[in-house]
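# Inside the fold
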Amino acid sequence: MKKRTVIILLVVLVTGSLAGGYWYFTKHISQKNPQTEEAIRTTVRTEDLFTLRLYYPVHNRLQMEERKLPRRNKEIAIAETIVEEFLKGPSGAQVSSVPGNTRLLGIYKDTERVFYIELSEEFRRNFQGDALTEYFVLKGLYESLISNIPDLQDVKVLIEGREAETLGGHLYLSYPLKDMISYENE
Amino acid sequence: MKKCFFLFASLLIMASTLLAQTKPEVVVRFSKQEGFLRIVLESADEAFMQKAAVSTSPSRIRAEFPDSVKVSGAQGFPFDVASENKTLIINLREPGDIKFMRLNEPPRLVFDIKSGDKQQPSVLSRVFVLDPGHGGYDAGIIAGNAREKDVTLAFSRDLDAALAKKGKKVFLTRRADQYMSLADRINAGNQKKPEIFISIHTSAGGGVVVYSPAMKDYGRDEVVDYYSLFSRQKRFVKKSKALSECIGKSIKEALQGEVVSSELPLPLLNAVSAPAVLIEIPSPGTVVHDQQFRTKLVNAIISGITVYGQ
């Protein structure tokens, strides 16, 4: 009789310990570490990021900056992301040569893979700079697009849907940019 | 006895006539022309002047006349004149390159002395187009109360006045606060067929930048190039670069500041049919644009153009 009681007690103790352990791990520990699921979700999101290379005019030269952003698959969507990020200016810089408050109004491409970047009037109105600054703003925009969309052929900037002759009175906007900005200065 | 007296009297009369005959007069005149000094020796006797033997050295002119001369002329010559019997010597205070001409009506010996002094520049080019950047709604760089469009116009007027004083023909692409497209500026510039085209802008910093055109060699057909708007500068690229370097060097000497001569594919310069540069002067936000500064800069640019012309 004593032996039987001891066995029953051991079974109850083991079962109780397992149930208690299960309860503790499922309820208590999982509540204490709610990040676990978040961490899993983050890992999934990291896999969906892509890296953009942006070129900004800094002290009369172009400086490359990388940004990780949610992946875009369509070419126009990638181009839109590039231009929107470019217009934000370089990270951490208090002063930027990129004209402030400029909005991207649209991007189109023709059959020859020339990308038409339609920007708001602020791009021209808020530009403050000399000839070299203007050159590097346009070169930065072009390089940012071509380095992320390699088979792009050329870039043409439109202001409020129309052709504008110049950005800041030194260089043409009325022609695609490649010929003008592909000159390598010292 | 009577005969002897008559002979003596005749000899006396002849001798007194010879003695009474005046020495030929040579008048010395001078004038300061642009970049050289002109000295003229003038006489009424054509044969006398024709027979004069002239020799020159960088600091001396020597004229040997067939007879004794009497030298006259206004005082205060910027050279020293000495004469002894048949010889007239002019000692120059500064050596120079002497060009000699023998001219008639009136008979005269002309000496043009080109000074080696760089303080009296001679701008060889005659027709200039100055292009004050921006204008109208395009204000350019704004630094405090100063707008680039006003600064470029004021400075272009200063440069215009200084060049006009030297007898040069100067055209400005704009004389008022009005917007002009790049195409308008190119047309205005080319219509005047200038020998030098200068566009004036301000730099974002405190330095001076002198740009010359940069053109890619596409290896295109020469006929296409000739008619292409963008290739009009092609024939002048080397001259534009030389002009840019001369002006840059001159400004650097005058201001003792940061001056950069560089190339940039600026459509305005690339489409002008003349040696062309774009000068960015310091912004009024970084340098005070008082009369002294502007005069110094204007003189430096003219001096650079002069060196380029030589």
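Conventions we followed
- Residues numbered from 1 in each chain as written.
- Chains lettered and ligands numbered in written order.
- Predicted model: local features only at pLDDT ≥ 70, side-chain atom pairs only at ≥ 80, totals over all residues.
- Heavy atoms only, no water.
- Contact = heavy atoms within 4.5 Å.
- Buried area = accessible area lost by both parts, 1.4 Å probe.
- Salt bridge = Lys/Arg side-chain N within 4 Å of Asp/Glu carboxyl O.
- Nonpolar A, V, L, I, M, F, W, Y, C, P; charged D, E, K, R; others polar.
- Helix = DSSP H or I, 4+ residues; strand = E, 2+ residues; numbered from the N terminus.
- Pairing = 2+ DSSP bridges.
- pLDDT = per-residue confidence, 0-100.
- Axes fitted to C-alpha atoms, helices over the stretch in contact; angles between N-to-C directions.
- Parallel < 35°, antiparallel > 145°, perpendicular 65-115°, else oblique.
- Left-handed = near helix turned anticlockwise from the far one by under 90°.
- Phe/Tyr/Trp six-rings, centres within 6.5 Å; stacked < 30°, edge-to-face > 60°.
- Buried < 20%, exposed > 50% of the residue type's maximum accessible area, 1.4 Å probe, protein only.
- Patch = residues over 30% accessible without salt bridge, like charges linked within 9 Å, V, L, I, M, F, W, Y side chains within 5 Å.
- Areas by Shrake-Rupley, 256 points an atom, 1.4 Å probe, with all protein chains shown as cover.
- Expected span 1.5 Å × (residues − 1).

## A look at the interface of chain A and chain B
Tallying the contact residues gives 20 residues for chain A and 26 residues for chain B. Here chain A packs against chain B, burying approximately 1,900 Å² in sum over the two surfaces, 57% of which is carbon and sulfur. Of all residues in chain A, His 170, Tyr 172 and Tyr 183 of chain A give up the largest surface area on contact with chain B, accounting jointly for 30% of the area buried on that side. Across the chain A-chain B interface, the total number found is zero salt bridges. Across the side of chain A that touches chain B, the residue classes break down as eight nonpolar, eight polar and four charged.

## A closer look at the environment of Ala 63 of chain B
Residues and elements named next belong to chain B. Secondary-structure assignment places Ala 63 in strand β4 (residues 60-64). For the pair formed by Ala 63 and Leu 88, sequence separation is 25 residues and the distance between their alpha carbons is 5.2 Å. If we skip the residues at most four places from it in the chain, Ala 63 touches Leu 41, Ala 53, Val 54, Lys 86, Thr 87 and Leu 88.

## Here's the deal with the pairing of strand β8 (residues 96-103) of chain B
Residues and elements named next belong to chain B. The sheet contact formed by β8 and strand β9 (residues 108-115) spans eight bridges and is antiparallel. Residue pairing in the sheet places Gly 96 in a bridge with Ser 115 of β9. Counting the residues that bridge the hairpin from β8 to β9 gives four residues, and of these Glu 105 lies at a positive phi of roughly 50 degrees.

## Some details on the confidence of the model for chain A
Detailed reading of the predicted coordinates is not advisable wherever pLDDT falls low. Here chain A averages 85 in pLDDT, while 83% of its residues score no lower than 70. In the model, residues 34-44 of chain A has pLDDT below 50 throughout and makes zero contacts with residues more than four positions away in sequence or in other chains.

## Concerning the sheet that holds β9 of chain B
Residues and elements named next belong to chain B. Pairing is mixed across the open sheet formed by five strands, whose spatial order is β5-β1-β2-β9-β8. Since the sheet does not close on itself, it has two edges, and those belong to β5 (70-73) and β8, each with one partner. Taking each pair of neighbouring strands and ignoring which way they run, the sheet shows an average axis angle of 20 degrees. Sheet topology note: the strand β1 (residues 25-33)/β5 ladder contains four bridges and is parallel. Within β5, the residue paired with Val 27 across the bridge is Ser 72.

## Here's the deal with the packing of helix α6 (residues 237-255) of chain B against helix α8 (residues 291-309) of chain B
Residue and element names in this part refer to chain B. Axis separation between α6 and α8 bottoms out at 8 Å; the angle between their running directions is 140 degrees. With respect to α8, the element α6 is oriented oblique. As α6 packs across α8, the resulting crossing turns out to be right-handed. Contact residues: α6 offers Lys 239, Ala 242, Leu 243, Cys 246, Ile 247, Ser 250, Ile 251, Ala 254 and Leu 255, while α8 offers Phe 293, Lys 296, Leu 297, Ala 300, Ile 301, Ser 303, Gly 304, Ile 305, Val 307 and Tyr 308. Here the contact of α6 with α8 is built from residues that sort into 14 nonpolar, three polar and two charged.

## Details of the packing of helix α3 (residues 148-165) of chain B against α8 of chain B
Residues and elements named next belong to chain B. The contact between α3 and α8 brings their axes to 10 Å, and the two run at 55 degrees. Classed by the angle they form, the pair α3 and α8 counts as oblique. As for the relative orientation of α3 and α8, their crossing is right-handed in sense. Contacts between α3 and α8 involve Ala 154, Phe 155, Asp 158, Leu 159, Ala 162 and Leu 163 from the former and Gln 291, Arg 294, Leu 297, Val 298, Ile 301 and Ile 302 from the latter. Looking at side-chain class alone, the contact of α3 with α8 contains nine nonpolar, one polar and two charged residues.

## Digging into the sheet that holds strand β7 (residues 87-92) of chain B
Residue and element names in this part refer to chain B. Taken in spatial order, the four strands line up as β3-β4-β7-β6 in an open sheet, and their pairing is antiparallel. Each having just a single partner strand, β3 (53-57) and β6 (79-84) make up the two edges of the open sheet. Across the sheet, the mean angle from the axis of one strand to that of its neighbour is 10 degrees, orientation sign disregarded. Bridge count between β4 and β7: five bridges; the pairing is antiparallel. Residue pairing across strands places Ile 61 opposite Ile 90, the latter belonging to β7.

## Regarding the packing of aromatic side chains
Residues and elements named next belong to chain B. Enumeration over the complete set of coordinates arrives at nine aromatic pairs over all chains. Ring centres of Phe 30 and Phe 77 lie 5.9 Å apart, and the angle between their planes is 75 degrees; on these two criteria the pair is classed as edge-to-face. Of this pair, Phe 30 sits in strand β1 while Phe 77 is found in the loop between β5 and β6, placing the two residues 47 residues apart along the sequence. A centroid spacing of 4.6 Å and a plane angle of 15 degrees characterise the contact between Tyr 137 and Tyr 179, whose relative ring orientation is stacked. Highlighted residues: Tyr 137 in the loop between β10 (127-132) and β11 (142-143) and Tyr 179 in the loop between β13 (169-172) and α4 (182-191), separated in sequence by 42 residues. Judged by its relative accessible area of 61%, Tyr 137 is exposed. In this structure Tyr 179 comes out as partly exposed when scored by relative accessible area, which is 30%. Three or more aromatic residues joined by ring pairs form one cluster here, namely Phe 30, Phe 77 and Phe 79.

## Description of a nonpolar patch on the surface
Residues and elements named next belong to chain A. A surface patch of nonpolar side chains, amounting to about 290 Å² of accessible area, comprises Val 6, Leu 10 and Leu 13. With respect to the secondary-structure elements, Val 6 resides in helix α1 (residues 2-32). Its relative accessible area of 46% is what places Val 6 among the partly exposed residues.

## Considerations on the confidence of the model for chain B
Residues and elements named next belong to chain B. Here chain B averages 85 in pLDDT, and 85% of its residues register 70 or above. Scored below 50 in pLDDT, residues 15-20 makes zero contacts in the model with residues more than four places away or belonging to other chains. Reported for the predicted complex are a pTM of 0.67 and an ipTM of 0.73.

## A word on α8 of chain B
All names here are of chain B. Helix length check: α8, at 19 residues, gives a terminal C-alpha distance of 27 Å against a target of 27 Å (1.5 Å per residue), a fit within 8%. The complete set of buried residues in α8 reads Phe 293, Arg 294, Leu 297, Val 298, Ala 300, Ile 301, Ile 302, Gly 304, Ile 305, Thr 306 and Tyr 308. Looking at the packing, one finds that the buried side of α8 touches β10, α3, β14 (196-202), α6 and β17 (276-281).

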